[in-house]
Structure formats: structure tokens, C-alpha cells
Amino acid sequence: EPEVTQTPSHQVTQMGQEVILRCVPISNHLYFYWYRQILGQKVEFLVSFYNNEISEKSEIFDDQFSVERPDGSNFTLKIRSTKLEDSAMYFCASSRRTGDQETQYFGPGTRLLVL
Amino acid sequence: DQQVKQNSPSLSVQEGRISILNCDYTNSMFDYFLWYKKYPAEGPTFLISISSIKDKNEDGRFTVFLNKSAKHLSLHIVPSQPGDSAVYFCAASGTDKLIFGTGTRLQVFP
């Protein structure tokens with residue numbers, strides 16, 4: 001069964017450093033998402049992406065964040081200058097289409113720790 | 001922002017009995033609801049969903065009920081199995097993003 005994959009599974013970085021989190025969505029999916037979960041809190045939406053552009057983003061997704069689909073398979077989240085409060089599990093998700101009652105499938109996550 | 005709430009942080013059920021997990025929402029624009037199961041250090045795994053035009057959807061041991069007038073949905077697992085022990089999140093969608101509840105930790109004991 002096709003699944004969303006993410007790399008790395010764990011990332012430790014120093015505050016102020018740039019990190020890139022990578023995702024390979026399910027191959028026939030067209031809509032891509034990033035969510036995060038800070039320890040002990042709920043899963044929060046960050047950004048959705050379709051047709052090579054952001055379709056919606058949350059207040060969390062400020063200028064320090066960017067997303068890209070550099071080729072036909074990868075979808076990346078970049079944090080330009082990490083802060084301590086960026087420490088969280090980051091989940092990528094994908095769906096065949098947006099809204100309209102379409103299920104999003106999640107990857108296993110990348111645990112980011114900012115020191 | 002508490003648009004989706006799961007008021008029970010935990011639930012303990014004996015194997016073979018029914019587990020009922022509850023979820024309330026406030027935004028009447030939500031038109032699609034999903035339940036995800038999550039193990040520690042893993043991503044949410046899709047379980048079952050329901051459209052706002054229905055009031056029940058069943059898939060094997062899992063049934064989701066939607067009461068639009070009360071803005072309430074519930075997940076029934078019957079019979080419960082030890083492998084069902086996990087955190088269960090409800091999520092709601094009205095656009096292309098999902099709004100998650102805080103989760104309910106289900107423990108199924110023998």
C-alpha cells in the first residue's frame with residue numbers, strides 16, 4: 001500500500017541554523033501539507049501546497065518557513081533560522097485533492113530538536 | 001482556538017467491550033470529519049471518516065456517528081482489542097486543512 005515517507009526521522013540542530021525536512025508524498029496525490037505537533041499538544045496545520053504554490057498557511061507559517069517541490073517526487077519544508085520553540089514533530093501529508101471530503105494521509109514524522 | 005475538542009484525555013476499556021470516543025466541534029462550516037489513530041513517535045493513521053451529509057459510517061469494528069445539531073461526533077470500536085491501545089484524534093475539515101482535537105488515549109486491557 002502506498003505511503004508517505006519522511007526523512008530524516010530525527011534531526012538535532014543548533015538555534016539559528018537552517019533545517020530542511022523532506023517528504024515523499026503518495027505518488028498520485030496532488031495536494032501536500034505540513035503539520036506539526038509540539039510535545040503534549042495537538043497536531044497543528046502549517047501549510048498546504050498545490051500546483052507549485054501555497055494554497056493556505058497558518059499563523060505559525062511565518063517568513064522563517066518555506067516549502068518547495070523541487071522535483072516530481074519530493075516536498076520539502078525549510079526553516080531558515082530555527083528557534084527553540086520550533087522543536088516538534090513535523091508531519092507531511094498528502095491527498096488526491098483538496099477539501100471536498102478527501103482524506104489526508106500522513107507520514108511517520110520528523111522529530112526536530114532545536115538546542 | 002478550540003474549534004475541535006476532545007474532552008476526555010483518556011479512556012480505559014476491557015478487551016471485547018465497546019470503546020466510545022467523543023468529539024465536539026464549534027464551526028458549522030466543517031463538512032468532513034475524520035478519526036486518526038496515533039502511536040508515540042509515529043504519524044497519524046487514518047481510520048474512518050464521515051461526510052456532513054451522513055449521520056453514520058461503518059467500517060468493520062469502527063463506526064463513526066455524527067450529530068450535526070449537537071455538533072458532536074463519536075467513534076465506536078467494537079469489540080475493543082489490546083492492539084487498539086493508542087491515542088485517537090478527531091479532525092474536521094471545511095477547507096483544505098484539518099483541525100485536530102487534543103486526542104484521547106485509549107487503553108484496552110485484557
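As shown above, the structure is provided for reference.
On a predicted model such as this, the values are computed, not experimentally measured, just so you know.

J.: Which parts of the structure should I look at to understand a nonpolar patch on the surface?
T.: All names here are of chain A. A cluster of nonpolar residues, V12, L113 and L115, forms a patch on the protein surface that exposes about 270 Å² of accessible area. The residue L113 is located in strand 11 (residues 110-114) in this model. Among the residues examined, L113 registers a relative accessible area of 40% and is labelled partly exposed.

J.: I keep staring at the environment of L21 of chain A and nothing clicks. Help me out?
T.: Residues and elements named next belong to chain A. Position of L21 among the secondary structure elements: in strand 3 (residues 19-24). Exposure remark for L21: the relative accessible area of 0% places this residue in the buried category. The spatial distance from the C-alpha of L21 to the C-alpha of T76 is 5.6 Å, given a sequence separation of 55 residues.

J.: Honestly, the interface of chain B and chain A in this entry has me stumped. Any pointers?
T.: Interface size is often expressed as the accessible area that is lost when the parts come together. With 22 residues of chain B in contact, the opposing surface of chain A contributes 22 residues. Interface of chain B and chain A: buried area, both sides summed, is about 1800 Å²; carbon and sulfur atoms make up 54% of it. Together, Y32, D96 and F100 of chain B form the three largest contributors to the area buried by chain B at its contact with chain A, with a combined 32%. The tally of links from chain B across to chain A stands at one salt bridge. Run the count over chain B and chain A and you get six residue pairs in polar contact (both at pLDDT 80 or more). The set of elements that each furnish at least two residues to the side of chain B that touches chain A consists of strand 4 (32-38), strand 5 (45-51) and strand 10 (98-100) of chain B. At four residues, strand 4 of chain B tops the list of elements feeding residues into the side of chain B that touches chain A. Classifying every residue of the side of chain B that touches chain A gives 10 nonpolar, six polar and six charged.

About the criteria used
- Residues numbered from 1 in each chain as written.
- Chains lettered and ligands numbered in written order.
- Predicted model: local features only at pLDDT ≥ 70, side-chain atom pairs only at ≥ 80, totals over all residues.
- Heavy atoms only, no water.
- Patch = residues over 30% accessible without salt bridge, like charges linked within 9 Å, V, L, I, M, F, W, Y side chains within 5 Å.
- Areas by Shrake-Rupley, 256 points an atom, 1.4 Å probe, with all protein chains shown as cover.
- Salt bridge = Lys/Arg side-chain N within 4 Å of Asp/Glu carboxyl O.
- Helix = DSSP H or I, 4+ residues; strand = E, 2+ residues; numbered from the N terminus.
- Buried < 20%, exposed > 50% of the residue type's maximum accessible area, 1.4 Å probe, protein only.
- Contact = heavy atoms within 4.5 Å.
- Buried area = accessible area lost by both parts, 1.4 Å probe.
- Polar contact = N/O pair within 3.5 Å; in protein donor to acceptor, adjacent residues only side chain to side chain.
- Nonpolar A, V, L, I, M, F, W, Y, C, P; charged D, E, K, R; others polar.

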